[in-house]
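Structure assessment
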Amino acid sequence: MSVSDRAGKVVGHSLRWIGLAAVSVGGWALFAALGLTAPSLFAALVVAVVFALTGLGPAAVPRPLSMAAQGTLAVTIGLMLDTETLGALGENWIPAVLVGAGTLVVSAGCGALLALHRDVDPVTGALSLIAGGATGLVSIARELGGDERIVAVVQYLRVALVVVTMPLIVTFAFHADSGSGAAREEISTPWYLGTAFLLGAVVTGIVLARLIRLPAPATLGPLMVAGACELLGWPVDISVPTVLLPVAFIVIGWQAGLAFTTASLRAIGRIFPWAALLVLSIGLVCALFGWALSAVTGVSMLTGYLATTPGGLAAVLAVSATTGSDVTFVACVQVIRLVSMLVAAPLAAAAYTRLAERKKARAASESTVGAG
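Read on for a plain summary of the structure. These figures come from a predicted structure and were not determined experimentally.

**Describing helix H13 (residues 301-308)**
Of all eight residues making up H13, seven are buried, and the element is well covered by its neighbours. Of the residues making up H13, those classed as buried are Leu 302, Thr 303, Gly 304, Tyr 305, Leu 306, Ala 307 and Thr 308.

**Some thoughts on the environment of Thr 189**
As for its position among the elements, Thr 189 is in the loop between helix H8 (148-172) and helix H9 (191-211). Between the C-alpha atom of Thr 189 and that of Ile 238, which follows or precedes it by 49 residues, the distance is 6.0 Å. If near-sequence neighbours (up to four positions away) are discounted, Thr 189 is found in contact with Gly 194, Asp 237, Ile 238 and Ser 239.

**With respect to the packing of aromatic side chains**
Enumeration over the complete set of coordinates arrives at three aromatic pairs. Ring centres of Phe 174 and Tyr 305 lie 5.6 Å apart, and the angle between their planes is 35°; on these two criteria the pair is classed as tilted. Of the two residues, Phe 174 sits in the loop between H8 and H9 while Tyr 305 sits in helix H13, which places them 131 residues apart along the sequence. With relative accessibility at 26%, the residue Phe 174 sits in the partly exposed group.

**Some points on helix H11 (residues 244-257)**
Taking 1.5 Å of rise per residue, the 14 residues of H11 would be expected to cover 20 Å, and the 20 Å separating its terminal C-alpha atoms lies within 8% of that figure. Most of H11 is tucked away, with 11 of its 14 residues classed as buried.

**Notes on the side chain of Asp 147**
Position of Asp 147 among the secondary structure elements: in the loop between helix H7 (134-141) and H8. Among the polar contacts listed, one links the side chain of Asp 147 to the side chain of Arg 149, at a separation of 2.8 Å. Once residues lying within four places of it in the same chain are set aside, the contact partners of Asp 147 are Asp 121 and Thr 124.

**Regarding the pattern of salt bridges**
Counting across every chain of the model gives two salt bridges. For Arg 270, the salt bridge identified is with Asp 119, shortest N-O distance 2.7 Å. Taken together, the residues span a long stretch of sequence, with Arg 270 in helix H12 (residues 262-297) and Asp 119 in the loop between helix H5 (93-114) and helix H6 (122-128) at a distance of 151 residues. Take Asp 119: its relative accessible area is 23%, and that puts it in the partly exposed class. Put simply, Asp 147 and Arg 149 hold a salt bridge, and the shortest N to O gap is 2.8 Å. Residues Asp 147 and Arg 149 agree in their burial class; the two are buried.

**With respect to the side chain of Glu 148**
Summarising the element assignment, Glu 148 is placed in helix H8. You can call Glu 148 buried: its relative accessible area is 4%. If we skip the residues at most four places from it in the chain, Glu 148 touches Val 138, Ala 141, Arg 142, Gln 255, Ala 256 and Ala 259.

Calculation notes
- Residues numbered from 1 in each chain as written.
- Predicted model: local features only at pLDDT ≥ 70, side-chain atom pairs only at ≥ 80, totals over all residues.
- Heavy atoms only, no water.
- Buried < 20%, exposed > 50% of the residue type's maximum accessible area, 1.4 Å probe, protein only.
- Helix = DSSP H or I, 4+ residues; strand = E, 2+ residues; numbered from the N terminus.
- Contact = heavy atoms within 4.5 Å.
- Phe/Tyr/Trp six-rings, centres within 6.5 Å; stacked < 30°, edge-to-face > 60°.
- Expected span 1.5 Å × (residues − 1).
- Polar contact = N/O pair within 3.5 Å; in protein donor to acceptor, adjacent residues only side chain to side chain.
- Salt bridge = Lys/Arg side-chain N within 4 Å of Asp/Glu carboxyl O.

What follows is the structure in structure tokens.
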């Protein structure tokens with residue numbers, strides 16, 4: 001290949017990325033104006049799918065960029081594990097943890113049911129219906145050997161159903177007054193300190209996770225480091241710069257969207273009704289968990305419902321803050337759910353994989369014996 005051909009290839013590749021970024025930012029602005037949840041992620045996913053199917057986009061997101069996005073998301077979640085939030089649970093921490101564990105069991109069971117479909121492997125089924133951390137689960141799906149396209153569609157279906165139905169349920173079932181609460185004040189950190197902490201936590205977390213051979217090191221490593229720092233109280237009042245999280249969402253959206261093909265769309269179309277039914281089932285069971293949590297702890301039914309919704313953390317906290325429910329209690333239970341799901345998802349996926357491999361080995365052994 002001549003120098004001019006190589007230069008033309010580099011320019012063409014750069015133009016693909018520039019076009020993808022420009023249209024994604026435009027979509028982000030449009031979706032934000034429409035009031036959609038996580039507009040940067042949804043815009044990046046939709047735009048990347050269109051670019052992938054039309055051949056206009058790059059082949060894939062570079063691995064270092066993908067790992068940086070996963071690490072940014074993980075550090076943000078880890079910093080939610082502050083002692084003040086955990087201390088607010090008080091004597092109710094056992095029911096809250098049990099609700100998180102119950103949600104995990106229900107999610108894992110529905111994931112196993114989804115994996116019964118011929119177009120879904122066990123890892124993809126496990127990650128698709130884990131009720132928490134949709135963007136994090138999509139970001140680690142490929143690393144664990146799952147189909148991130150199916151994981152993305154089913155996870156975003158779960159979040160969309162929660163976010164769409166929650167205001168209707170709060171308004172018509174609980175007759176809540178949306179003006180009875182107050183928004184919480186957020187602590188801002190100088191961007192350079194937040195960025196320095198983020199870089200240190202991501203690099204240190206990935207190195208440690210690889211040393212101890214954790215699955216999905218770009219997610220679990222930074223999550224553990226950031227969570228440990230926050231619980232130990234060092235550094236004080238640190239936070240990730242707010243502009244970085246939507247950027248990480250964009251990269252994660254690209255990662256999933258650029259992998260779409262016509263064949264994958266057909267596969268997703270075949271599983272959609274089954275996936276939607278399972279998502280609705282998880283939502284119903286979680287509503288029952290909310291009722292049980294209210295009965296055991298004495299919090300209001302509205303607080304119990306908001307604390308146990310299987311997704312849409314930002315929307316849940318916003319609704320909680322404006323309806324007079326116990327926003328601290330809601331935040332505690334939701335953070336427990338989110339972190340436990342993100343930590344358990346790789347382990348559940350690995351367990352499903354080992355189980356599937358054992359079944360295949362047993363079937364192969366029986367067929368060999370039968371042939372003999």
